[in-house]
Amino acid sequence: MKSTSLPAALLALSSGLVLLCAAVALWRRTAKGIVGALRVQGFALAVTALILGVQLHIALLLVTAGLLVLVKAILIPVLLRRIVRLDPTGGETDPVVNVPASLVAAVLLTLVAFVATRPLVDVVPGVPITLAPFGFATVLIGFFVLVARRKAVSQMVGLLLVDNGIGLVALLLTTGVPLLVELGGTLDVLLVVVVLRVLATRMHAELGDLDLGALQELHD
Amino acid sequence: MATLSPWVVGSGLLQVALFVVGAPLLLGLMRTVRCRMEGRIGPPIRQPWRDLRKLFAKGRTQPERSTFFFASAPVVLVATTVVVVWLAPLLSTRVSLAGGSDLFAIVFLLLLGSVALSLAALDTGTAFGGMGSSRLMTIVALAEPALLVAILALAASVRSSSLSTIIVGTLHHPIWLATPQRLLSFAAFVVVVLAESGRLPVDNPATHLELTMIHEALILEYSGPDLALVMLGEQVRLTFMLGLLANLFFPWGVSLSAAGLSLIVGVLALAAKVAVLGIAISAGEVAMAKLRLFRVPELLAGAFMLSILAVLSALVIA
């Protein structure tokens with residue numbers, strides 16, 4: 001920490017923000033709050049790409065940043081907001097794991113991520129790589145959301161947290177994957193959200209609810 | 001820090017005087033801001049001082065069969081708070097007691113005041129006292145670790161648990177203010193300040209509704225000068241927490257030498273920072289509802305998580 005420059009500090013700040021948003025998504029109960037955390041996370045991810053691009057003079061990363069803002073900070077949250085509107089009282093009224101316990105779990109998962117990525121960080125010393133644990137922790141918290149939350153919106157958010165975490169690790173480790181791969185990955189996620197939105201709308205029409213716990217029996 | 005210059009002693013005393021005089025004014029300012037934002041005129045800013053003066057002029061009463069704990073709690077609360085204010089690096093980073101601005105000492109002294117108050121509430125033997133003290137202990141048991149760990153995250157950068165060293169280190173490396181651990185620890189710190197000082201999402205200072213009150217339930221049996229002392233102690237405590245928040249996260253203006261002109265700058269900067277934070281808190285409170293009591297542990301568990309994440313990031317990035 002003794003000799004950090006401003007870009008390095010900002011890079012750490014924006015990747016830290018990605019992790020913070022994952023934690024906030026676990027913390028909040030209202031569907032609106034969870035989607036809000038995801039939106040901020042999308043912005044933080046884009047800012048990370050932007051800072052890396054400016055710092056290392058890679059024009060491609062600036063395009064990636066624009067793509068990330070468009071898809072992860074604008075399109076996906078808007079789509080999720082529409083699902084939230086179907087079920088305005090929604091949100092995690094009855095999570096499988098209660099909130100304080102999930103927060104403790106999130107801390108433990110972060111610890112695991114930080115310990116597990118230690119060897120990776122030690123291989124190539126450099127500022128971006130040191131921040132990779134934030135991405136891994138986000139991935140693990142995303143998986144935890146998938147396991148411990150039962151509303152359709154939270155499930156999607158869990159998936160997107162995993163995706164954002166992977167995106168952050170990819171950005172920091174490779175300083176930008178080829179644009180084609182980035183485009184493929186991002187649009188893929190967008191497509192998944194669209195499909196899930198259709199599914200959620202159907203579910204709401206059939207059951208009047210977005211609780212996955214209600215999907216226990218097979219019907220014709 | 002071996003030799004105590006008169007300036008250092010003076011700045012410590014000035015700190016105490018400033019906080020005792022300024023704390024009721026800060027509360028008045030916060031109330032006025034809230035009233036104005038709600039479209040009311042509200043009492044003048046010096047109203048809390050008038051209340052204190054009125055209470056000090058009254059006689060003491062004490063519940064039957066209450067003991068030493070009830071009588072001593074207001075004094076203990078004010079005494080610990082004054083000692084904390086005297087020891088902490090608020091105007092200047094040079095404090096009167098070598099190693100005295102240690103974060104553990106400060107946090108535990110603050111805790112001592114809370115414990116004294118809740119013992120006193122139990123001592124009165126009323127239902128409300130017991131309820132209030134059990135609620136306060138629930139909150140404090142969750143908030144204090146979060147506060148300790150949040151400051152530990154800052155201490156990790158300077159490798160010292162002295163608050164003065166943390167502030168000096170931050171002044172020398174302003175870049176530290178833009179690190180994730182600062183961000184996380186700041187968020188945790190704000191939640192803890194709100195919980196510790198009984199402000200809105202955790203406790204509503206303006207109500208006596210028995211279902212929700214925490215602080216008011218504790219001090220229900222106090223009257224006259226005792227009540228005045230408790231109120232003063234809590235006001236100084238809120239001001240102290242805001243001052244500490246301001247100095248740890250926005251350390252500009254703190255005097256490094258505790259001498260002459262820099263001390264005046266320190267006073268002005270601190271007053272401005274604390275006033276801004278107070279206004280921000282009361283403006284936030286206008287748009288906020290009190291949290292259900294059973295949701296408070298969730299909020300504080302969140303603060304604890306943020307502070308632990310702050311420590312982890314400090315270790316990763318260092």
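Residues numbered from 1 in each chain as written. Chains lettered and ligands numbered in written order. Predicted model: local features only at pLDDT ≥ 70, side-chain atom pairs only at ≥ 80, totals over all residues.

Student: Tell me about the packing of helix α1 (residues 6-27) of chain A against helix α4 (residues 99-116) of chain A, residues and numbers included.
Tutor: Residue and element names in this part refer to chain A. Packing of α1 against α4 brings their axes to within 9 Å, and their N-to-C directions diverge by 160°. By the angle between their directions, the pair α1 and α4 is classed as roughly antiparallel. Considering the relative orientation of α1 and α4, their crossing is right-handed. On α4, the residues touching Ala23, Leu26 and Trp27 of α1 are Val99, Ser102, Leu103 and Ala106. Along the lines of polarity and charge, the residues of the contact of α1 with α4 split into six nonpolar, one polar and no charged. (Axes fitted to C-alpha atoms, helices over the stretch in contact; angles between N-to-C directions. Helix = DSSP H or I, 4+ residues; strand = E, 2+ residues; numbered from the N terminus. Parallel < 35°, antiparallel > 145°, perpendicular 65-115°, else oblique. Left-handed = near helix turned anticlockwise from the far one by under 90°. Contact = placed C-beta atoms within 7 Å. Nonpolar A, V, L, I, M, F, W, Y, C, P; charged D, E, K, R; others polar.)

Student: Residue-level account of the interface of chain A and chain B, with values.
Tutor: How big an interface is tends to be reported as the loss of accessible area on association of its parts. Between chain A and chain B, the contact holds 22 residues from the first and 19 residues from the second. Counting only elements with at least two residues in the side of chain A that touches chain B, the list comes to α1 and α4 of chain A. Broken down by element, the side of chain A that touches chain B gets its largest block of residues, 10 residues, from α1(A). A class-by-class count of the residues in the side of chain A that touches chain B yields 18 nonpolar, four polar and no charged.

Student: Tell me what's going on with unusual backbone geometry, and back it up with residues and numbers.
Tutor: At His57(A), a residue that is not glycine, the phi angle is positive and equals roughly 55°. Following the sequence through the fold, His57(A) ends up in the loop between α2 (31-56) and α3 (59-86). Backbone geometry at Arg65(B) places phi at a positive 60°, although glycine is not the residue there. What makes Arg65(B) exposed here is the crowd of 9 C-beta atoms within 10 Å. (Buried ≥ 20, exposed ≤ 12 C-beta atoms within 10 Å, placed from the backbone.)

Student: Help me get a handle on the confidence of the model for chain A, residues and values and all.
Tutor: Averaged over all residues, the pLDDT of chain A equals 82, while 91% of them reach at least 70. Per-element confidence in chain A ranges from a low mean pLDDT of 76 for helix α6 (residues 127-130) of chain A to a high of 90 for helix α7 (residues 132-148) of chain A. (pLDDT = per-residue confidence, 0-100.)

Student: Report on the confidence of the model for chain B, specifying residues and quantitative values.
Tutor: For chain B, the mean per-residue pLDDT works out to 86, and 97% of the residues sit at or above 70. Scoring of the predicted complex yields 0.85 for pTM and 0.79 for ipTM.

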